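Below are the chains, spelled out letter by letter.
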Amino acid sequence: HCPATAFHVPTTHKHLRLPQPALSAAPNQLEQLADLTTISIDSGDLKVIKKFADTGFITDATTNPLFVAQAGLSGDPDYQKMV
């Protein structure tokens, strides 16, 4: 099981829950935050990382290697390539 996803803002060392991407023309919270700082996703869930990396606002990712190793050793093919 992959850990819950949070964003880590290196300049303040606080974790923020991610808003869902907005469909309107108004900037959402993620876009507003990306204008102020670099946003790094802290997750071992590859699907979550891809989802938010595809927004263009996430430029870095980090995780606990143990979570990735456990997922790979459990037989998950997406993670086996990394173990």
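Structure: above.
(A) Expanded view of the environment of D45. You can see D45 is positioned in the loop between β3 (39–42) and α2 (46–53). A polar contact is formed between the side chain of D45 and the backbone nitrogen of K47, at a distance of 3.0 Å.

(B) View of the nonpolar core. Residues L30, I39, I41, I49, F52 and I58 constitute the largest nonpolar core, which totals six residues. Elements supplying a minimum of two residues to this core: β3 and α2.

(C) A look at the environment of V68. Looking at the secondary structure, you find V68 in helix α3 (residues 65–73). Residues V68 and G44, 24 residues apart in the sequence, show an inter-C-alpha distance of 6.0 Å. When residues no more than four places from it in sequence are discounted, the contact partners of V68 are T63, Y79, M82 and V83.

Quick notes on the rules
- Residues numbered from 1 in each chain as written.
- Predicted model: local features only at pLDDT ≥ 70, side-chain atom pairs only at ≥ 80, totals over all residues.
- Heavy atoms only, no water.
- Helix = DSSP H or I, 4+ residues; strand = E, 2+ residues; numbered from the N terminus.
- Polar contact = N/O pair within 3.5 Å; in protein donor to acceptor, adjacent residues only side chain to side chain.
- Core = buried A, V, L, I, M, F, W, Y, C linked by side-chain atoms within 4.5 Å.
- Buried < 20%, exposed > 50% of the residue type's maximum accessible area, 1.4 Å probe, protein only.
- Contact = heavy atoms within 4.5 Å.

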